[in-house]
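Summary of structural features
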Amino acid sequence: MTQKHVLVTGGIGGIGTAIVKYFARDGYKTAATYAPFEREKVKPWLEMIEKEVLEVHLFEVDVADFESCHALSHKVAAEFGAVDVLVNCAGIIRDSVFKKMPFENWDQVMKVNLYSIFNVTRHFFEAMLIRKWGRVINITSVNGQKGQFGQANYSATKAGAHGLTMALAQEGAKHGVTVNSVAPGYTATEMMLQVPEAVLDDIKKHIPMGRLAKPEEIAAAVLFLASEDAAFITGVNLDVNGGQWMHH
Ligand code: CAA
């Protein structure tokens, strides 16, 4: 079997790092992107990856910027090769109650979490259709499914991301390209440090499993959706949330 290539945006973040490691360990040729504001994290991150005897190609890109993503696609083609599996994992939070939310918080979260999926995927999707094989996996959130107090911006982007997933799934279906979302619940990453401790304690009470997700538990779901075994799964939003939100 030929080696598959994966590109993970937000690849040096909390969930992204776990995803990157899972793919690299599974034998994928693996690339990750990081944002300009994360530059100082790159060196220690690469040292950590080398210690684990893994190889990851890193690319800097501002996923909020279409032209930056266009330039990325050329760099990836020249230095890395085709992208068989694209994981859109880049995401931020800028929580605020809606009545006080500055436009900036709305705008940044829209661009980094939702526009990014267009900005990046637009440059790789057509090639997947032509090659008759591809996987796009968007990281959504339980809060895009149920809404969350203080997250009008974030919840909108995550619900929007899954809308995009379902539409793109239909465009890929006849061409061997599946498009799915993975919806994590609250996950033990640095992002959680932005949530007030009392709020987080309260949230845990509403998670039947009584704990946060481990980043690896999200990564395992992503790796599965990328596999050949998942070829008939498309357009789903796969919940990995310890039972916090059940629907249908
Ligand atoms: N439901 C109902 N009321 C709530 C509430 C909730 N979930 N959370 C807070 N409130 C109420 C408070 O009780 C308080 O009421 P009073 O004024 O009557 O006392 C009022 O709202 C204001 O609360 P704060 O004092 O906390 O107000 P603030 O402006 O300082 O902060 C906030 C508001 C930014 C929303 C803050 O509460 C917060 O950060 N909450 C966390 C939001 C959250 O869950 N974010 C998830 C981040 S992780 C993530 O997004 C990853 C993922 O995918 C899961």
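Located above this text is the structure these notes cover.
Let me sum up the structure you'll find in this document. (Residues numbered from 1 in each chain as written. Predicted model: local features only at pLDDT ≥ 70, side-chain atom pairs only at ≥ 80, totals over all residues. Heavy atoms only, no water.)

**Focus: the pairing of strand S6 (residues 177–184)**
Judged by how many residues are buried, S6 sits mostly within the fold: 8 of 8 residues are covered. Of the two faces of S6, both are covered, the one formed by Val177, Val179, Ser181 and Ala183 as well as the one formed by Thr178, Asn180, Val182 and Pro184. One ladder, built from 6 bridges, connects strand S5 (residues 134–139) with S6; its direction is parallel. Each residue of the ladder has a partner; that of Asn138, found in S6, is Ser181. In terms of strand pairing, S6 meets strand S7 (residues 237–240) through 4 bridges, oriented parallel. Within S7, the residue paired with Ser181 across the bridge is Asn237. (Buried < 20%, exposed > 50% of the residue type's maximum accessible area, 1.4 Å probe, protein only. Helix = DSSP H or I, 4+ residues; strand = E, 2+ residues; numbered from the N terminus. Pairing = 2+ DSSP bridges.)

**Digging into unusual backbone geometry**
In this model, Val53 sits at a positive phi of 55 degrees, which is unusual for a non-glycine residue. Within the fold, Val53 resides in the loop between helix H2 (42–51) and strand S3 (56–60). In this structure, Lys132 takes a positive phi of about 65 degrees despite not being glycine. Mapped onto the elements, Lys132 comes out in the loop between helix H5 (125–131) and S5. By relative accessible area, which is 48% here, Lys132 ends up partly exposed.

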